[in-house]
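Secondary and tertiary structure notes
As a plain string of letters, each chain reads:
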Amino acid sequence: MVVDAPLVGVLALQGGYAAHTRVLDGLGARVREVRVPADLAGLDGLVIPGGESTTMSLGIDREGMAEPLRALASSGTPLLGTCAGLIVLDRAHLGVMDIQARRNAFGRQVRSFEADLRFADLEGGPVHAVFIRAPWIAAHGPGVEVLAEVDGHPVAARQGHVLVLSFHPELGDDHRLHERFLEDVRAAAR
Amino acid sequence: MTMRDESTFRVKAGLAEMLKGGVIMDVVDADQARVAEDAGAAAVMALERVPSDIRRDGGVARMSDPAMVKAVQQAVTIPVMAKARIGHFVEAQVLAALEVDFIDESEVLTPADEAHHIDKWAFKVPFVCGATSLGEALRRIGEGAAMIRSKGEAGTGDVVEAVRHMRVIRGEIRRLGTLEDAEVATAAKALQAPLELVRAVARDGKLPVPLFSAGGIATPADAALMMQLGAESVFVGSGIFKSEDPVRMAAAVVEATTHCHDPERVAAACEGLGAAMASLEARKLEPAQVLADRGW
């Protein structure tokens, strides 16, 4: 571990936080699991993982974490939201990102799937993406850049320093999206 | 059209991965399902009778009425699981046709086959199975299970068997990590488990799928205990809706599971909950009443 490795938080109220922690740790970041507002202090970046968005939203309310999370986002700290994390960041929840998520948009678990996605400005070919009871972006504002789609539905997007993905890059072997997030984190920390 | 590979093993085990750090609650109707969801359950298990009632009523315990499962599916947006009898692949086909999110091939129901478990590879829906030991867990994974739960003794409210099974499984995993390659093959024979899976556990120090805990968890402290012992999530059956105040108990178990390493938070969760479920001491059960022995 290098001394100036960025400190990345992973929201660990419920869900796929362990897999994100494993990937980020493997890429040389320092990782902190976040369960209370005090855990947000000093973070260079934050991941909101997949899981159940209802469960996570209730946890955010119980811990009094909604305002601290909004403050972290408005301070310019890079955020990565995957699957439920995309939902938690949308207009109807934390309102950090100008998107409207549609939950379980592809259907129940039997409709969960893997697919190769063409990704805007990402070198090295398509991303192999794992979609689990995944949402898509049903509507978005003009400040949102769509990065990938499945059959015309946006499943990856960026707005400033916030990156959201409908799928689970932490479950695959292709870590380019985590690397790209860490580049943002390092740039913002400078 | 984007080419899609549906229902791969990665997608099945991936849903189990997303249920980590959470609580899966038994519910018998749509109202209970809504209470569970509002309390922060990560998923619900839809079944007509919770295990403590199955014990009380006796008789053959079967898959639930599809109408009940559908009502629960319509009531909540979190994943809905349902139970099939061990070896009863037609009950599993029915639950798959209902598009439940997970099927529990469960010893809580009366087994339909005393030699064979369901061939879980044949299904698009992921399966969870119970285990009391590492060999049993790996046999189930070999049959296609995408999640393992330690069995405990369902419907007792006594956590002792859940602790025993979790310690056995985790202890056997640690022991495999100390063996040489040649010894791993012998260990696989002793475990009666597929060699490739035993090799993977010896290499990785963990099961190839998430390991949750079930059977006898009745309080927030029980849930935190199982999490600290290595469970990645907990199933709570009779413990929620057979307690005095299910709404508070449900929220308290969720909070204690998230903050299992923080004794002050677990203490706060335990405060003023009223009576836990009526309980049975697991070691005083007659042999025929022991559910954990079902499974082969």
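Residues numbered from 1 in each chain as written. Chains lettered and ligands numbered in written order. Predicted model: local features only at pLDDT ≥ 70, side-chain atom pairs only at ≥ 80, totals over all residues. Heavy atoms only, no water.

Spelled out, the test is: UniProt positions are given in the numbering used here, feature names are shortened, and annotations may be inferred rather than shown by experiment.
By the naming in an unreviewed UniProt entry, chain A is Pyridoxal 5'-phosphate synthase subunit PdxT, taken from uncultured Solirubrobacteraceae bacterium. Under the UniProt heading Function (unreviewed entry), the note attached to chain A is "Catalyzes the hydrolysis of glutamine to glutamate and ammonia as part of the biosynthesis of pyridoxal 5'-phosphate. The resulting ammonia molecule is channeled to the active site of PdxS."

**Side note on the overall build of chain B**
This is how it is decided: Where helices and strands are cited, they refer to DSSP runs of H or I of at least four residues and of E of at least two residues respectively, numbered from the N terminus. Put simply, the radius of gyration uses C-alpha atoms, and a globule should come to 2.2 Å times the residue count raised to 0.38. Any residue under 20% of the maximum accessible area for its type is buried, any over 50% is exposed, and the rest in between are partly exposed; the area is computed with a 1.4 Å probe on protein chains only. Should any heavy atoms of two residues lie within 4.5 Å, those residues are counted as being in contact. Here the accessible surface of atoms and residues is derived via Shrake-Rupley with a 1.4 Å probe, and residues count as covered only by protein chains that are part of the display. Positive charge is attributed to Lys and Arg, negative charge to Asp and Glu, and no charge count is given to His or to the chain ends. Positions of charges follow a simple convention, taking NZ of Lys, CZ of Arg, CG of Asp or CD of Glu.
In terms of helices and strands, chain B carries 13 helices and 9 strands. Computed over the C-alpha atoms, the radius of gyration of chain B is 18 Å, within 12% of the 19 Å expected from 2.2 N^0.38 for a compact globule of 296 residues. With respect to the three principal axes, the spread of C-alpha positions in chain B is 55 × 45 × 45 Å. By residue count, 60% of the 296 residues in chain B fall in the buried class. Taking the intrachain contacts of chain B between residues at least 6 apart in sequence as the baseline, contacts between residues at least 24 apart amount to 67%. In the structure as shown, chain B presents an accessible area of about 11,800 Å², 51% of it carried by carbon and sulfur atoms. Counting 33 positive and 43 negative side-chain charges, chain B places the centres of these two groups 3 Å from one another.

**Here's the deal with the interface of chain A and chain B**
We apply this condition: What gets called buried area is simply the loss in accessible area from a 1.4 Å probe that two parts show on being joined, summed for both. Salt bridge, as applied in this entry: a Lys or Arg side-chain nitrogen positioned within 4 Å of an Asp or Glu carboxyl oxygen. Counted as a polar contact is a pair of N or O atoms within 3.5 Å, where, for protein atoms, one must be capable of donating a hydrogen and the other of accepting one, and residues adjacent in sequence contribute only when both atoms are in side chains.
Listed per partner, the contact involves 44 residues of chain A and 39 residues of chain B. In total, chain A and chain B occlude about 3,400 Å² of area from one another, counting both sides; carbon and sulfur atoms represent 51% of this. Counting across the interface, chain A meets chain B through 7 salt bridges. E63(A) is the salt-bridge partner of R265(B), the closest N and O atoms lying 2.8 Å from each other. Where chain A packs against chain B, one counts 22 residue pairs in polar contact (both at pLDDT 80 or more). Secondary structure elements with two or more residues in the side of chain A that touches chain B: α1 (17-26), α2 (53-62), β6 (113-117), β7 (127-131) and β9 (145-150) of chain A.

**Let's talk about the UniProt feature "binding site: L-glutamine" (unreviewed entry) in chain A**
Basically, it comes down to this: Grid points spaced at 1 Å over the protein atoms alone were grouped into cavities, where a 1.4 Å probe fits but cannot get out, and pockets, open sets with protein on both sides within 12 Å along at least five of seven lines, with lining residues defined by an atom within 4 Å of a point.
In the numbering adopted here, UniProt assigns the feature "binding site: L-glutamine" (unreviewed entry) to G51(A), E52(A), S53(A), R103(A), I132(A) and R133(A). Taken along the chain, the residues just named run across 83 residues; in space they keep tight, none of their C-alpha pairs more than 12.8 Å apart. None of the other annotated residues line the second largest cavity; only G51(A), E52(A), S53(A), R103(A), I132(A) and R133(A) do. Structurally, G51(A) is set in the loop between β3 (45-48) and α2. G51(A) has contacts with Q14(A), G15(A), M56(A), A84(A) and M18(B), leaving out every residue within four places of it along the chain. Along the polypeptide, R103(A) turns up in the loop between β5 (99-102) and β6. Setting aside anything within four residues of it in sequence, one finds R103(A) in contact with E52(A), S53(A), T54(A), I87(A), P135(A) and T77(B). Side chain to side chain, R103(A) and S53(A) meet in a polar contact 3.3 Å long.

**Re the packing of helix α12 (residues 246-258) of chain B against helix α13 (residues 263-270) of chain B**
Residue and element names in this part refer to chain B. The criterion, for reference: Helix axes are fitted only over the stretch in contact, all axes being lines through C-alpha atoms; the angle between N-to-C directions runs from 0 to 180 degrees. Put simply, angles under 35 degrees are roughly parallel, angles over 145 are roughly antiparallel, angles from 65 to 115 are roughly perpendicular, and the rest are oblique. Under this grouping Gly is polar, as are all residues other than the nonpolar Ala, Val, Leu, Ile, Met, Phe, Trp, Tyr, Cys and Pro and the charged Asp, Glu, Lys and Arg.
As a packed pair, α12 and α13 sit with axes 9 Å apart at the nearest point and diverge in direction by 175°. With respect to their mutual orientation, α12 and α13 come out roughly antiparallel. Residue-level contacts link A252, E255 and A256 of α12 to R265, V266 and A269 of α13. Residues that form the contact of α12 with α13 fall into these classes: 4 nonpolar, no polar and 2 charged.

**Some details on the nonpolar core**
Generally speaking, a soluble globular protein has its nonpolar side chains buried in company with each other. We apply this condition: Definition used in this section: a nonpolar core is a set of buried Ala, Val, Leu, Ile, Met, Phe, Trp, Tyr and Cys residues joined via side-chain atoms within 4.5 Å.
Judged by nonpolar contacts, the single largest core of 78 residues is most densely connected at I103(B), L138(B), I148(B), L207(B) and M226(B). In this structure, L138(B) is in contact with A193(B), P194(B), L197(B), V198(B), V201(B), L207(B) and P208(B), ignoring residues within four places of it in sequence. With 32 residues, the next largest nonpolar core counts F113(A), L122(A), W136(A) and L165(A) among its residues.

**Points about the sheet that holds β7(A)**
To keep it simple, the criterion reads: In this description, strands pair whenever DSSP reports at least two bridges between them.
Spatially, the 3 strands line up as an open sheet ordered β7(A)-β6(A)-β1(B), and their pairing is antiparallel. In this open sheet, the two strands that pair with only one neighbour each are β7 of chain A together with β1 (5-6) of chain B. Where β6(A) lies against β1(B), 2 bridges are found, and the strand directions are antiparallel. Of the residues in β1(B), the one forming a bridge with E114(A) is D5(B). The sheet contacts of helix α1 (residues 9-18) of chain B involve β6 and β7 of chain A, and relative to β7(A) the element is tilted by about 55°.

**Some details on the pairing of β5(A)**
Residues and elements named next belong to chain A. Side chains of β5 alternate between two faces, with I99 and A101 buried and Q100 and R102 left unburied. For β5 and strand β8 (residues 136-140), the ladder comprises 4 bridges, and the chain directions are antiparallel. Pairing of R102 across the sheet is with W136, part of β8.

**Observations regarding the sheet that holds strand β2 (residues 30-34) of chain A**
All names here are of chain A. Strand order in the open sheet formed by 7 strands is β2-β1-β3-β4-β11-β10-β9, with mixed pairing between adjacent strands. Because the sheet does not close on itself, it has two edges, and the strands there are β2 and β9. Between one strand axis and the next, the sheet turns by 20° as a mean value, whatever way the strands run.

**Let's talk about the environment of G45(A)**
Residues and elements named next belong to chain A. Tracing the sequence through the fold places G45 in strand β3. A sequence separation of 27 residues divides G45 from L72, and the C-alpha atoms of the two residues are 9.0 Å apart. Setting aside its immediate chain neighbours within four residues, G45 contacts L7, V8, G9, T77, P78, F181 and V185.

**Structural notes on unusual backbone geometry**
Residues and elements named next belong to chain A. Even without a glycine there, the phi angle at C83 is positive, about 55°. Position of C83 relative to the elements: it lies in the loop between β4 (79-82) and α4 (84-88). Of note in this structure, R133 is not a glycine but carries a positive phi near 45°. The residue R133 is located in the loop between β7 and β8 in this model. A residue is classified by how much of its surface remains accessible, and R133, at 7% relative accessible area, is buried.

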